[in-house]
Amino acid sequence: LFPYTTLFRSWDCGMENFIALQKNLALCIEQGSVLPTDIDVLSMSIWSYVHGLVSLNIRGRFEPFCELNPAIQLEKMLGESLDFMLNLIKKKNE
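Residues numbered from 1 in each chain as written. Predicted model: local features only at pLDDT ≥ 70, side-chain atom pairs only at ≥ 80, totals over all residues. Heavy atoms only, no water.

Points about the overall build of the protein chain
Scanning the protein chain for helices and strands turns up 4 helices and 0 strands. Put simply, the protein chain runs from its N terminus to its C terminus through helices and strands in the order α-α-α-α. Looking at the protein chain as a whole, 19% of its 94 residues are labelled buried. Restricting the contact set of the protein chain to residue pairs at least 6 apart, pairs at least 24 apart contribute 47%. Summing over all exposed atoms, the protein chain offers an accessible surface of approximately 7,100 Å²; the carbon and sulfur share of this is 61%. (Helix = DSSP H or I, 4+ residues; strand = E, 2+ residues; numbered from the N terminus. Buried < 20%, exposed > 50% of the residue type's maximum accessible area, 1.4 Å probe, protein only. Contact = heavy atoms within 4.5 Å. Areas by Shrake-Rupley, 256 points an atom, 1.4 Å probe, with all protein chains shown as cover.)

Printed below as a string of structure tokens:
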């Protein structure tokens, strides 16, 4: 798991959440529900993806898409986007 050093002491809450994510993903790999991969790469990928969605939503960056295409339902689109991401890492039963 990502080493928790004094370098991150100014961001304790964020690192604690990142480490919790790593531990949960490691359990998912161990249980066979997520493809085995480097835990640091997987954790950073999920962390960055979710952070990006949240940041874009907070800043209202999805609004232009909804204005251009009124058929877009933002909550539905975000949910489907998350499902897509999770399906990328999900271990398929042989």
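A short note on the pattern of salt bridges
Oppositely charged side chains may form a pair once their charged atoms are brought near each other. Enumeration over the complete set of coordinates arrives at 1 salt bridge. Lysine 76 serves as the salt-bridge partner of glutamate 80, at 3.0 Å between the closest nitrogen and oxygen. Taken together, the residues span about one helical turn, with glutamate 80 and lysine 76 both in helix 4 (residues 74-89) at a distance of 4 residues. (Salt bridge = Lys/Arg side-chain N within 4 Å of Asp/Glu carboxyl O.)

A few points about the side chain of serine 43
Considering the arrangement of structural elements, one finds serine 43 in helix 2 (residues 39-58). Among the polar contacts made by the side chain of serine 43, one reaches the main-chain carbonyl oxygen of isoleucine 39 at a distance of 2.7 Å. Residue contacts for serine 43: discarding those within four places in its chain leaves Phe18, Leu21, Gln22 and Leu25. (Polar contact = N/O pair within 3.5 Å; in protein donor to acceptor, adjacent residues only side chain to side chain.)

Examining a nonpolar patch on the surface
A surface patch of nonpolar side chains, about 410 Å² in accessible area, is lined by Val50, Val54, Ile58, Leu82 and Leu86. Put simply, the parts of the chain that give the nonpolar patch at least two residues each are helix 2 and helix 4. Of all the elements, helix 2 adds the most residues to the nonpolar patch, at 3 residues. Residue valine 50 is classed as partly exposed on the basis of its relative accessible area of 35%. (Patch = residues over 30% accessible without salt bridge, like charges linked within 9 Å, V, L, I, M, F, W, Y side chains within 5 Å.)

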